[in-house]
Amino acid sequence: MTATASGATAALSDVPTSTPALVACDVEGTLVRAGRRATPAVLDALAAVHAAGHHLVIATGRSLAGAVQVVRQLGIRDGWVVAANGAVTARLDANGYSIVEVRPVDAEPVCRLVTRTRPDLRLAAEVVGAGYRVTRRFPERQLNGQQEVLREIADIWARPTPRLVVYGQWAQRLAPALRASGVTAIPARVDWVDVTAPGVSKATALESIRVELGVASSRTVAIGDGESDLEMLAWAAVSIAMGQAPDAVRAAADRVTGTIDEDGAAGALFDALLLPTA
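Residues numbered from 1 in each chain as written. Predicted model: local features only at pLDDT ≥ 70, side-chain atom pairs only at ≥ 80, totals over all residues. Heavy atoms only, no water.

1. Considerations on the sheet that holds strand 2 (residues 55-59)
Step number 1: The strand order across the open sheet formed by eight strands is 5-4-3-2-1-12-13-14, and the pairing between neighbours is mixed. Two strands bound the open sheet, and with one partner strand each, they are strand 5 (96-102) and strand 14 (255-256).
Step number 2: For strand 3 (residues 79-83) and strand 4 (residues 88-93), the ladder comprises five bridges, and the chain directions are antiparallel. Each residue of the ladder has a partner; that of Gly79, found in strand 4, is Leu92.
Step number 3: Those strands touched by helix 3 (residues 64-73) are strand 2, strand 3, strand 4 and strand 5, and its axis lies near 35° from that of strand 4.
Step number 4: In the packing of helix 6 (residues 202-213) onto the sheet, contacts are made with strand 1 (22-25), strand 2, strand 3, strand 4, strand 5 and strand 12 (220-224), and the angle to strand 3 comes to roughly 160°. (Pairing = 2+ DSSP bridges. Helix = DSSP H or I, 4+ residues; strand = E, 2+ residues; numbered from the N terminus. Contact = heavy atoms within 4.5 Å. Axes fitted to C-alpha atoms, helices over the stretch in contact; angles between N-to-C directions.)

Put into structure tokens, the structure is as follows:
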């Protein structure tokens, strides 16, 4: 069921208010536009949620290196980060971060499928915290961290990786075939598909964090805008879609906030303050 922004109080008031909540936020299209920094309104809202004692978790499709970079820009110094669409979980601390869980994908069949059907596409395997191993160098600013160009395709699966990137013209058309092979394949753009292990999603990582923190399932909030957020929205007790999100994402949420140009995430985060701690 989807509600408008004016229904925020009603939606959130259904959640018990005796303990801190876990508030999970996507990054691109939710907190920031790609290549830009968050607005003052979003930064203030993030700080307010943290100051109120709630658990703020950033959940993104970015690599861990890219996720930590944006988290620092958001002014977040401690807490949890879900990266690679749920395949990597890390915990922030004063010295940087510690990796809590990495769920590797079986890269060989994915790479063989791509090279057999679309040899023109580029492949990248995430190296957690460092960068990527790539079949061909990606354009500037497409990947975070270092790029190690490999000589042989087999070098992609020679070492474990939590996430593969399939990149090139109309790469998204391969998503159904990749899913049919058993992996999780999420088109981030028409030219980009993220591939992770079967059953991996932001929701699976968030559930592990929720259990670790001892937060009741009724005390969970999620804010997102894309296909990679669907499982996260279904997982949360209160799910909020950005105003510019595709129809399927908005339909999956309990309510819809403003667009990113309207600082919709800031409004949704301030709504989370209606979930006071004991």
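2. Side note on a nonpolar patch on the surface
Step number 1: A contiguous nonpolar surface patch, about 230 Å² in accessible area, is contributed by Tyr97, Ile99 and Val102.
Step number 2: Note that Tyr97 resides in strand 5.
Step number 3: On the basis of relative accessible area, Tyr97 is assigned to the partly exposed category, the value being 30%. (Patch = residues over 30% accessible without salt bridge, like charges linked within 9 Å, V, L, I, M, F, W, Y side chains within 5 Å. Areas by Shrake-Rupley, 256 points an atom, 1.4 Å probe, with all protein chains shown as cover. Salt bridge = Lys/Arg side-chain N within 4 Å of Asp/Glu carboxyl O. Buried < 20%, exposed > 50% of the residue type's maximum accessible area, 1.4 Å probe, protein only.)

3. Considerations on the sheet that holds strand 7 (residues 131-134)
Step number 1: With mixed pairing, the six strands of this open sheet are ordered in space as 8-7-6-9-11-10. Every interior strand has two partners, whereas the edge strands, strand 8 (146-149) and strand 10 (184-189), have only one. Sheet twist, expressed as the average angle between the axes of neighbouring strands with direction ignored, equals 25°.
Step number 2: The pairing of strand 6 (residues 122-127) with strand 7 spans four bridges and is classified as antiparallel. Looking at the pairing, Glu126 lines up with Tyr132 of strand 7.
Step number 3: Packing of helix 4 (residues 107-117) onto the sheet brings it into contact with strand 6, strand 9 (164-167) and strand 11 (192-196), and relative to strand 9 it is tilted by some 5°.

4. Comments concerning the packing of aromatic side chains
Step number 1: A full pass over the atoms with the stated rule returns three aromatic pairs.
Step number 2: Both rings, one in Phe138 and one in Trp192, keep their centres 6.3 Å apart while their planes meet at 80°; by these two values the pair is edge-to-face. On the criterion of sequence distance, the pair formed by Phe138 in the loop between strand 7 and strand 8 and Trp192 in strand 11 is long-range, its members being 54 residues apart.
Step number 3: Judged by centre distance (5.8 Å) and plane angle (75°), the rings of Tyr167 and Trp192 are edge-to-face. Of this pair, Tyr167 sits in strand 9 while Trp192 sits in strand 11; the two residues are 25 residues apart in sequence, bridging distant segments of the chain.
Step number 4: Residue Tyr167 is classed as buried on the basis of its relative accessible area, which comes to 12%.
Step number 5: You can call Trp192 buried: its relative accessible area is 8%. (Phe/Tyr/Trp six-rings, centres within 6.5 Å; stacked < 30°, edge-to-face > 60°.)

Interpretation note: all reported values are geometric properties and have no functional meaning in isolation.
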